[in-house]
Amino acid sequence: MARIGIVLLMLLPLLGCSSTGGHPERGEQSLSLSLLEIHTYPANVYVGLSGPYATEEHMVERAIISCARSILLEEALALDSTLVMQDGAAKAFAVKEMAYYDEEGLKGVIEDLTLLSVSFDSRAGAVVLARYSRKPETRRTYPAGPDFEGRPPWLTSYPSLDGYRFGVGSSKAYYFLNDSLEASDFAAAQNLLDLYTEHAYSVALDTTRDGSAKAMDRVLYQAQRGLLVGFAIVDRYYEPETDTYWSLASITE
Amino acid sequence: MKKLLIMLVSAVVLFGLSGCTTTKKDAPAPKPVVKVVLGADGIPQPEWVYKAVSTQDMHFESGYGKMSDKQISIKRATVEAKNKIAAWVSTSVKEVVVTYVNDAGSGDNRQAMDAMETISQQVAEATLSGVTTESMWIDADGGVWVLCSIPLANIEKSFEPAAEAVAEAFVESDAAAAANAKMKDAFANLLKKTDR
């Protein structure tokens, strides 16, 4: 962790060259999201945001770590999910979902980042764009298409692209933008697990009662897990009517 | 004269036959009216929502979910579909196990049957690998329908350890070994049945 700190300190002097300077007024959520758009950049450019912190240095530090984390998530993201459901007189639907990634490589990833720009936003905190030198400069998998009536088409139907799979996730807005986006991204990853399950265990217990008190009950337990490779958030959208954030995620097939 | 008579009779017979074959042109039968059910965004209801899908190498099940939002509805629908697949695998395995017990002459052996039951449950647990959501449709009320598939090869592969365990439990006789082989074949054939 100390070495990560040193690397970050080395990167901080670069800020003077690239920061846009000054905090903009509190804007719309979609305006903050526009800072995260990297469609026009090659696939080896990543974005990270910090959320608001007391100092710019702290914000940039967190944004760089966020940027590096998205690279690690792309390399491997393990997910598991367990669900218990009950139908009948008593109804229940409970889900527990977890995600794991390897944090060991964080320092090495940060060392290989080249900062392209740093900007600040009252909601997003610091937003860092960085190039990752270990990855070739290729085109993005899914260049976001034109919006349909102001909404991205992937809200209606999943994109289709050979060699890739897509998942969509959403989250209600949290107090901090970075929390909302993290929740939305996580939901998109879990959606990928729901749609393409590597391994699942499912068991259901159906009970039928005859006699004066006829009843049918079903209790279902399902556990699933999977390893996502090439996980990337390819597009985001904020829906003002419902105050909801949406994420479109892709993985390699 | 005789020739003329034969020709006349032939002509009468031919006319008679042609009388049988000519048909009054009926009005074309009205085509059955196919009611197109439109879902959200005007997308027509796909056939797999109400009709089972089957192929030689894949097993399909559909699932439905309607919860508080679309994302949770998708989860619920896929859970239902996966559970149907698990139930199908479990039922298929049990069917084979019963055949096996009969073949091995161990039908009265309750302990053996219990062992079989345990094994079949393990198989149901192990076989749900590679489940893919092939298609999705959202009805006008916001309910989500999904069509999930699983390759039969994945199920057969998962069945192998369980089949070995069964073989170990009944290694005393050649008949048991033969029955075990038969069980494996039966399982493979059962999976390939198109009718469910």
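Residues numbered from 1 in each chain as written. Chains lettered and ligands numbered in written order. Predicted model: local features only at pLDDT ≥ 70, side-chain atom pairs only at ≥ 80, totals over all residues. Heavy atoms only, no water.

Student: How should the overall build of chain A be read in this particular structure?
Tutor: Across its full length, chain A holds six helices and ten strands. Considering only residue pairs separated by 6 or more positions, chain A has 67% of its internal contacts joining residues 24 or more positions apart. Summed over all atoms, the accessible surface of chain A reaches about 13100 Å², with 54% contributed by carbon and sulfur. (Helix = DSSP H or I, 4+ residues; strand = E, 2+ residues; numbered from the N terminus. Contact = heavy atoms within 4.5 Å. Areas by Shrake-Rupley, 256 points an atom, 1.4 Å probe, with all protein chains shown as cover.)

Student: Would you mind showing me how to read the sheet that holds strand β4 (residues 113-121) of chain A here?
Tutor: Hydrogen bonding along the main chain pairs the strands of a sheet, whether they run parallel or antiparallel. Residues and elements named next belong to chain A. Taken in spatial order, the three strands line up as β1-β5-β4 in an open sheet, and their pairing is antiparallel. Every other strand in the sheet has two partners, leaving β1 (45-49) and β4 as the edge strands with one partner each. This sheet shows a mean twist of 20° between the axes of neighbouring strands, independent of strand direction. Across five bridges, the pairing between β1 and strand β5 (residues 125-132) is antiparallel. Bridging across to β5, Val47 finds its partner in Leu129. On top of the sheet, helix α4 (residues 56-75) reaches β1, β4 and β5; it is set at about 130° to β1, its chief contact. (Pairing = 2+ DSSP bridges. Axes fitted to C-alpha atoms, helices over the stretch in contact; angles between N-to-C directions.)

Student: Could you clarify how one ought to interpret the interface of chain A and chain B in this entry?
Tutor: A common way to express how large an interface is: the accessible area buried when the components associate. Each partner contributes to the interface: chain A provides 32 residues, whereas chain B provides 23 residues. Contact with chain B buries area across many residues of chain A, yet Phe93(A), Asp194(A) and Leu195(A) alone supply 22% of it, more than any other trio. At the junction of chain A and chain B, the tally comes to four salt bridges. For Glu80(B), the salt bridge goes to Arg218(A), with nearest N and O atoms at 2.8 Å. Put simply, chain A and chain B have 16 residue pairs in polar contact (both at pLDDT 80 or more) between them. Considering each element in turn, the side of chain A that touches chain B owes the most residues, nine residues, to strand β7 (residues 196-209) of chain A. Counted by class, the side of chain A that touches chain B contains 16 nonpolar, ten polar and six charged residues. As paired strands, β7(A) and strand β2 (residues 129-138) of chain B are joined by three bridges and run antiparallel to one another. Bridge pairing links His199(A) to Ser129(B) in β2(B). (Buried area = accessible area lost by both parts, 1.4 Å probe. Salt bridge = Lys/Arg side-chain N within 4 Å of Asp/Glu carboxyl O. Polar contact = N/O pair within 3.5 Å; in protein donor to acceptor, adjacent residues only side chain to side chain. Nonpolar A, V, L, I, M, F, W, Y, C, P; charged D, E, K, R; others polar.)

Student: Explain the side chain of Ser202(A) to me, please; I cannot follow it from the model alone.
Tutor: Structurally, Ser202(A) is set in strand β7. Judged by its relative accessible area of 6%, Ser202(A) falls in the buried class. Side-chain polar atoms of Ser202(A) contact the side chain of Gln222(A), separated by 3.0 Å. Here the side chain of Ser202(A) touches Asn83(B) through a polar contact of 2.8 Å, side chain to side chain. For Ser202(A), the contacting residues outside a window of four places in its chain are Leu220(A), Tyr221(A), Gln222(A), Lys82(B), Asn83(B), Ala86(B) and Leu128(B). (Buried < 20%, exposed > 50% of the residue type's maximum accessible area, 1.4 Å probe, protein only.)

Student: Whenever I open this one, a nonpolar patch on the surface confuses me. Can you help?
Tutor: A grouping of Val84(A), Val203(A), Leu205(A), Val219(A) and Tyr221(A) is seen on the molecular surface, where their side chains present a nonpolar patch of about 390 Å² in accessible area. Of all the secondary-structure elements, those providing two or more residues to the nonpolar patch are β7 and β8 (215-228) of chain A. (Patch = residues over 30% accessible without salt bridge, like charges linked within 9 Å, V, L, I, M, F, W, Y side chains within 5 Å.)

Student: Just checking my understanding: could you explain the nonpolar core for this structure?
Tutor: Across soluble globular proteins, nonpolar side chains have a tendency to be buried as a group. Membership of the largest hydrophobic core comes to 30 residues, with the highest contact counts inside it found for Leu77(A), Leu192(A), Leu228(A), Phe231(A), Ile85(B) and Leu128(B). Elements supplying a minimum of two residues to this core: β2 (77-87), α6 (177-195), β7 and β10 (244-252) of chain A together with α2 (70-104), β2, β3 (144-151) and α4 (152-169) of chain B. Counting residues per element, this core draws most heavily on α2(B), which supplies seven residues. Among all residues touching Leu192(A), those that are not within four sequence positions of it are Arg165(A), Phe166(A), Gly167(A), Leu228(A), Phe231(A), Ala249(A) and Ile251(A). (Core = buried A, V, L, I, M, F, W, Y, C linked by side-chain atoms within 4.5 Å.)

Student: How do you make sense of the confidence of the model for chain A when you look at a structure like this?
Tutor: Note that predicted coordinates carrying low pLDDT should not be read in detail. Mean pLDDT over chain A works out to 82, with 83% of the residues at or above the 70 mark. Predicted confidence is poor over residues 4-27 of chain A, with pLDDT under 50, and the contacts of this stretch with residues over four places away or in other chains come to 37 contacts. (pLDDT = per-residue confidence, 0-100.)

Student: Got a minute to help me understand the packing of aromatic side chains in this structure?
Tutor: The relation between two aromatic rings is expressed through the spacing of the ring centres and the mutual angle of the planes. Residues and elements named next belong to chain A. Applying the stated criterion across every chain, the model contains five aromatic pairs over all chains. Summarising the aromatic geometry, the rings of Tyr46 and Tyr132 are spaced 6.3 Å apart at their centres and angled 80° between planes, so their arrangement reads as edge-to-face. Taken as a pair, Tyr46 in strand β1 and Tyr132 in strand β5 lie far apart in primary sequence, 86 residues in all. The burial state of Tyr46 is the same as that of Tyr132; both residues are buried. On the basis of an interplanar angle of 80° and a centroid distance of 5.0 Å, the ring pair of Tyr175 and Phe176 is categorised as edge-to-face. Take Phe176: its relative accessible area is 36%, and that puts it in the partly exposed class. (Phe/Tyr/Trp six-rings, centres within 6.5 Å; stacked < 30°, edge-to-face > 60°.)

Student: Please clarify how the pairing of strand β1 (residues 58-65) of chain B should be interpreted in this entry.
Tutor: Residues and elements named next belong to chain B. With respect to burial, β1 is a largely interior element, six of its eight residues being buried. Two elements, β1 and β3, share eight bridges in a ladder whose sense is antiparallel. Within β3, the position partnered with Glu61 by the bridge is Cys148.

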